[in-house]
Amino acid sequence: MSDHAGRLRDRGGETEKITINLGYVDLGRVDLLVQEGFYSNRTDFIRTAIRNQLAVQADAVSQSIVRHTLELGLRDYSRADLEAVKAAGQRLQIKVVGLARIAPDVSPELALATIDSITVLGALQASAELKSALAGRIR
């Protein structure tokens, strides 16, 4: 089925905004490191800290991805991809760590006929209509 889906790749330029709550003391320590020139701003510190932790846990993440048969990066699903899956009599179990995108021209009927389940650790980009139609299949 991977032949029918868009190329999976890592996209460093695309980001998702998150919000964190941080205690005053920790926030003050971050601000001190920024003031001392170790980091350009709070966001730089947080990104660096996250990347460092991901590097430390890289083996565990890799093993989990393999164990759960997840795909890492960006995965695009076009109308043509889903039509090919339907023509082949197959159904998709979408499992992505990163970003899964379903093209805006994919109808809810086509999606329902070809997608059994969607598990995305990261973000799913699809029309509101499509997300609503697939709500029972999104985990």
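One can find the structure itself at the top, above this paragraph.
No experiment lies behind these values; they were computed from the predicted model shown. (Residues numbered from 1 in each chain as written. Predicted model: local features only at pLDDT ≥ 70, side-chain atom pairs only at ≥ 80, totals over all residues. Heavy atoms only, no water.)

Chemist: Whenever I open this one, helix 4 (residues 79-87) confuses me. Can you help?
Modeler: For an α-helix the count is 3.6 residues per turn, leaving residues at separations of three or four pointing the same way. Among the residues making up helix 4, those that are buried are D81, L82 and V85. Buried residues along helix 4 cover an arc of 90° about the axis, so they all sit on one side. Exposed and oriented more than 90 degrees from the buried face of helix 4 are A80 and A87. Taken together, the buried residues of helix 4 touch strand 1 (71-77), strand 2 (92-102), helix 5 (108-114) and strand 3 (115-125). Immediately beyond the C-terminal end of helix 4, within one or two residues, lies G89, with a positive phi of roughly 70°. (Buried < 20%, exposed > 50% of the residue type's maximum accessible area, 1.4 Å probe, protein only. Helix = DSSP H or I, 4+ residues; strand = E, 2+ residues; numbered from the N terminus. Arc of directions from axis to C-beta. Contact = heavy atoms within 4.5 Å.)

Chemist: Please explain the environment of L124 as it appears in this structure.
Modeler: By the element assignment, L124 lies in strand 3. L124 gets classed as buried once you look at its relative accessible area, which sits at 16%. For the pair L124 and V30, spaced 94 residues apart in sequence, the C-alpha separation works out to 32 Å. Apart from residues no more than four positions distant in its own chain, L124 is found in contact with A100, I102, I118, K131 and I138.

Chemist: Got a minute to help me understand the pattern of salt bridges in this structure?
Modeler: Counting across every chain of the model gives 7 salt bridges. Across the pair D31 and R42 runs a salt bridge whose closest N-O atoms are separated by 2.7 Å. Placement of D31 in helix 1 (residues 24-35) and of R42 in helix 2 (residues 42-56) is noted, with a sequence separation of 11 residues between them. Its relative accessible area of 40% is what places R42 among the partly exposed residues. For D76, the salt bridge is made with R101, and the minimal N-O distance between the two is 2.6 Å. (Salt bridge = Lys/Arg side-chain N within 4 Å of Asp/Glu carboxyl O.)

None of the figures reported here should be taken as evidence of function without further support.
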